[in-house]
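# Structural features, examined
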Amino acid sequence: MGSYTTSSSPSKLLFRQLFETESSTYTYLLADALHPEKPALLIDPVDKTVDRDLALVKELGLKLVYAINTHVHADHVTGTGLIKTKVPDVKSIISKASNAKADLFVEPGDKIYFGDIFLEVRATPGHTLGCVTYVTGDGPNQPQPRMAFTGDTLLIRGCGRTDFQGGSSGKLYDSVHSQIFTLPKDTLVYPAHDYKGFTVSTVGEEMLYNPRLSKDKETFKNIMQNLNLSYPKMMDVAVPFNMLCGLQET
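In what follows, the accompanying structure is described. Since the structure is predicted, the reported quantities are computational estimates derived from the model, not experimental observations. Positions within a chain are numbered from 1, following the residues in the order the chain's sequence is written. Local features in this predicted model are restricted to residues of pLDDT 70 or higher, and side-chain atom pairs are both shown and tallied only at a pLDDT of 80 or more, whereas totals for entire chains, interfaces and linings draw on every residue. Water and hydrogen atoms play no part in the side-chain values, which are based on all heavy atoms of the structure.

### Looking at the overall build of the protein chain
Under the DSSP-based scheme used, a helix requires at least four consecutive residues in state H or I and a strand at least two consecutive residues in state E, with every element numbered from the N terminus. Check the secondary structure of the protein chain and you find six helices and 13 strands. The dimensions of the protein chain, computed from C-alpha atoms along their principal axes, are 50 × 45 × 35 Å. Within the protein chain, buried positions represent 54% of all 250 residues. Long-range contacts, defined here as pairs at least 24 residues apart, represent 64% of the contacts in the protein chain between residues at least 6 apart. Relative accessible area decides the class of each residue, using a 1.4 Å probe on protein chains only: under 20% of the type maximum gives buried, over 50% gives exposed, and in between gives partly exposed. The contact definition used throughout considers only heavy atoms, calling two residues in contact when any of these lie within 4.5 Å.

### Observations regarding the pattern of salt bridges
The term salt bridge refers to a pairing of a side-chain nitrogen on Lys or Arg with a carboxyl oxygen on Asp or Glu at a separation within 4 Å. Evaluated as defined, the whole model comprises twelve salt bridges. For Asp103, the salt bridge identified is with Lys84, shortest N-O distance 2.8 Å. With Asp103 in the loop between β6 (91-95) and β7 (104-106) and Lys84 in helix α2 (residues 80-86), this residue pair connects regions lying 19 residues apart in the sequence. Taking relative accessible area as the criterion, Lys84 reaches 25% and is therefore assigned partly exposed. One salt-bridge network, in which partners are shared between bridges, spans Glu120, Arg122 and Arg146.

### With respect to the packing of aromatic side chains
In this analysis, rings of Phe, Tyr and Trp, with Trp reduced to its six-membered ring, are considered paired at centre separations within 6.5 Å, and the interplanar angle assigns stacked below 30 degrees, edge-to-face beyond 60, and tilted for intermediate values. Within this structure, the stated rule accounts for ten aromatic pairs. Seen in terms of ring centroids, Phe15 and Phe149 are 6.2 Å apart; in terms of plane orientation they differ by 45°. Their pairing is tilted. With Phe15 in strand β2 (residues 13-20) and Phe149 in strand β11 (residues 147-151), the pair connects residues that are 134 residues apart, well separated along the chain. Note on Phe15: relative accessible area 22%, which makes it partly exposed.

### What to know about the side chain of Ser95
Among the secondary structure elements, Ser95 is positioned in strand β6. Take Ser95: its relative accessible area is 2%, and that puts it in the buried class. Each residue touching Ser95, except ones within four places of it in the same chain, is listed here: Phe105, Val106, Gly130 and Val132.

### Digging into empty space enclosed by the protein
The rule is simple: put a 1 Å grid over the protein atoms alone, call a set of points where a 1.4 Å probe fits but cannot get out a cavity, call an open set with protein on both sides within 12 Å along at least five of seven lines a pocket, and count a residue as lining if it has an atom within 4 Å of a point. Grid points are joined across faces, edges and corners, and a volume is the space filled by probe spheres set on the points. Applying the stated criterion across every chain yields a total of one cavity of 30 Å³ or more. Of the volumes computed, that of the largest cavity is approximately 40 Å³. Asn69, Thr78, Thr80, Ser92, Ile93, Ile94, Lys101, Ala102, Asn242 and Cys245 together form the lining of the largest cavity. Of the residues forming the lining of the largest cavity, the biggest block, three residues, is contributed by β6. We call Asp, Glu, Lys and Arg charged. Ala, Val, Leu, Ile, Met, Phe, Trp, Tyr, Cys and Pro are nonpolar, and the rest, Gly among them, are polar. The residue inventory of the lining of the largest cavity, partitioned by class, reads four nonpolar, five polar and one charged.

### So, the layout of surface pockets
In this structure, the largest pocket spans a volume of roughly 840 Å³. Forming the walls of the largest pocket are 35 residues, and the residues nearest its centre are Asp75, Leu155, Arg161, His193 and Tyr195. For the lining of the largest pocket, the per-class residue count stands at 13 nonpolar, ten polar and twelve charged.

### Considering the environment of Tyr134
The topology assignment puts Tyr134 in strand β10 (residues 132-136). Remark: the alpha-carbon pair of Tyr134 and Thr70, spanning 64 residues in sequence, is separated by 7.5 Å. What qualifies as a polar contact is a pair of N or O atoms within 3.5 Å, subject to a donor-acceptor requirement within protein and to the restriction that residues adjacent in sequence count only when both atoms come from side chains. From its side chain, Tyr134 meets the backbone oxygen of Asn69 in a polar contact 2.8 Å long.

### Notes on unusual backbone geometry
Cis geometry marks the peptide bond from Gln144 to Pro145, where omega comes out at -5°. Inspection of the secondary structure assignment puts Pro145 in the loop between β10 and β11. The backbone phi angle of Ser24 is positive, close to 55°, even though this residue is not glycine. The exposure class of Ser24 is buried, given its relative accessible area of 13%. A positive phi angle is found at Asn228, which is not glycine, with a value near 55°. Take Asn228: it is sitting in the loop between α5 (217-225) and α6 (235-243).

Shown next as structure tokens:
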């Protein structure tokens, strides 16, 4: 894909964490508040909260540029397609490895620019084949501490299941340890979901206290093989929609 750039300017990150109660999904709004156009992006928007999110974008005087997903979700319908119908200039983004529909496809090492701020793309398969983690850039004009938007790959004191959509507990373990746990320990971890009321963690915390991923690989795989989870109630609806950017083709 390469690098998508809107412009460059001294950066100041505007950040909001939003919540959708039915699927316990976090949506993240990021913008370069010092750029004249205040370019912004949404990570993991949900169809049911699109109007809320777009109202906030408008209230804050932002220009929404991208609506991006960490992976093809199985527990809710993404809001990216609906956003595009309401704000036609917005471009949807998902990983090329997901094989889903979007305007732009990212691969490991790509950078997504909004103003002078960028997100770095890291491949973190395991929950699904196409999972990626978006990490704020490393540089003097980038937000500090860094921020990792981990989708379902790494949750706060947990991780996503690995028993469908091409999941693999071995791949998830390797992804987290090679792509996330190698980040600075003060990197903030923002997952796609939380079911216990936690909003943020750090890489250092998860390395120490994550009850699954702080274990060795074989122990982790054994834990994941014995979760005995029920079939996701939204999966048969959500996945077909999300493969098409959240909107069924007519």
